[in-house]
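One-letter residues, chain by chain:
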Amino acid sequence: MPRLARLDAPGVLHHIMIRGIERRKIFLDQMDYEDFIQRLATLLPEMETACYAWALMPNHAHFLFRTGSVPLARLMRRLLTGYALSFNRRHKRHGHLFQNRYKSIICQEDAYLRELVRYIHLNPLRARIVSTVGELDGYTYCGHSALTGKEKRPWQDGEYVLRFFGKTVGAARKAYARYVEDGVSQGRREELTGGGLIRSIGGWSEVKKLSGRGREHVMSDERILGDSGFVETVLGEAQEVCERKLELKRRGYDLERIAKRVAEIFEMEEKDVFSMGRQQRKVKARSLLCYWAVREAGISLRTLARRLRMSAPGVGYAVERGEVIVQEDRYELMKLSKVQ
């Protein structure tokens, strides 16, 4: 069965799992754990990715991330490749460290965020690395200790998670601790590792042929955790994005043509769209260019950064400004049914 394409978009919540090849250990000593955590501390802010939960165990790890303007694949490539190279040098080994690709599941926030945080943070207990929730409080290689206030992890967005448990930090931490304690007896939650029914009936095209009650019961995908409506929405949006990018490419919308459209809107020369400057009109034009190039045409931040002589994070911020401009002024690059 061929691999399914990854689903991703800015603002999407992902439950991510990584494992050592042949279930071998990916963390052998304290230095390995600290190396990986330091990479998280560096890369997550740089990649504008929020971390709500995480747990490192000897041969696997879990994370709950929300992506920003940088695609999840880019973050994971830098995180895992960098760590694997460092691990191999440190332990004088060669070859792959991780098993195949990492697994990522898009999650419905309102229905599953609390449960996923608990599920991920109870992993060291289920793996018998710690024996009690009390010992879990002191396990430093897990986000639980940050939510209970035992550890400080500036790169972990504990404040956001605690809002789901109470109005004040103290009350939220007590409610969170009770919630985790209540989950100990639940064991492994298969439903929190994604769907999968879609494969057994022949793919998404077969699902769309179903209707009514039957469709409600099979609307599932191993890449998505959510109710039937959420799964259908995510898949529909992913298909629309893919179709739009293909249409843009087919009609010749490369960076130069996008710049031409931006120049028309702001009544300026195309070369001025690429030029440096802090004038408001130039900043708006460059922001719109970045937004359309990244979000619409799928051009990478790194490629755009080189062309605009900006840093990749700088381009990321420009993409965000461009999104606001599009929302406020209703500019359009191209309609699928009609080219401008």
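Residues numbered from 1 in each chain as written. Predicted model: local features only at pLDDT ≥ 70, side-chain atom pairs only at ≥ 80, totals over all residues. Heavy atoms only, no water.

A. Structural view of the environment of serine 69. With respect to the helices and strands, the residue serine 69 is situated in the loop between β3 (60-66) and α2 (72-91). A relative accessible area of 6% places serine 69 in the buried class. Separated by 226 residues in the primary sequence, serine 69 and arginine 295 have C-alpha atoms spaced 8.5 Å apart. Not counting residues up to four positions away in its chain, the partners in contact with serine 69 are Glu48, Arg295 and Gly316. (Helix = DSSP H or I, 4+ residues; strand = E, 2+ residues; numbered from the N terminus. Buried < 20%, exposed > 50% of the residue type's maximum accessible area, 1.4 Å probe, protein only. Contact = heavy atoms within 4.5 Å.)

B. Here's a closer look at the pairing of β3. Judged by how many residues are buried, β3 sits mostly within the fold: seven of seven residues are covered. Of the two faces of β3, the one holding His60, His62, Leu64 and Arg66 and the one holding Ala61, Phe63 and Phe65 are both buried throughout. Of the pairings in the sheet, the one linking strand β1 (residues 13-19) to β3 comprises seven bridges and is antiparallel in character. Following the sheet pairing, methionine 17 is matched in β3 by histidine 62. Linkage of strand β2 (residues 50-57) to β3, two consecutive antiparallel strands, is achieved through a turn of two residues. (Pairing = 2+ DSSP bridges.)

C. Quick look at the side chain of asparagine 123. Tracing the chain through its elements places asparagine 123 in helix α4 (residues 123-126). Exposure remark for asparagine 123: the relative accessible area of 7% places this residue in the buried category. Setting aside chain neighbours within four positions, we find asparagine 123 in contact with Ala55, Met57, His60 and His62.

D. Region of the structure containing the packing of helix α1 (residues 30-46) against α2. Running from amino to carboxyl end, α1 crosses α2 at an angle of 155°, the nearest separation of the two axes being 10 Å. Considering their axes alone, α1 and α2 lie roughly antiparallel with respect to each other. As for how α1 packs across α2, the hand of that crossing is right-handed. The residues of α2 that touch α1, namely those facing Met31, Asp32, Asp35, Phe36, Arg39, Leu40, Leu43, Leu44 and Glu46, are Leu75, Arg78, Leu79, Leu80, Gly82, Tyr83, Ser86, Phe87, Arg90 and His91. Class assignment of the residues belonging to the contact of α1 with α2 gives a composition of ten nonpolar, three polar and six charged. (Axes fitted to C-alpha atoms, helices over the stretch in contact; angles between N-to-C directions. Parallel < 35°, antiparallel > 145°, perpendicular 65-115°, else oblique. Left-handed = near helix turned anticlockwise from the far one by under 90°. Nonpolar A, V, L, I, M, F, W, Y, C, P; charged D, E, K, R; others polar.)

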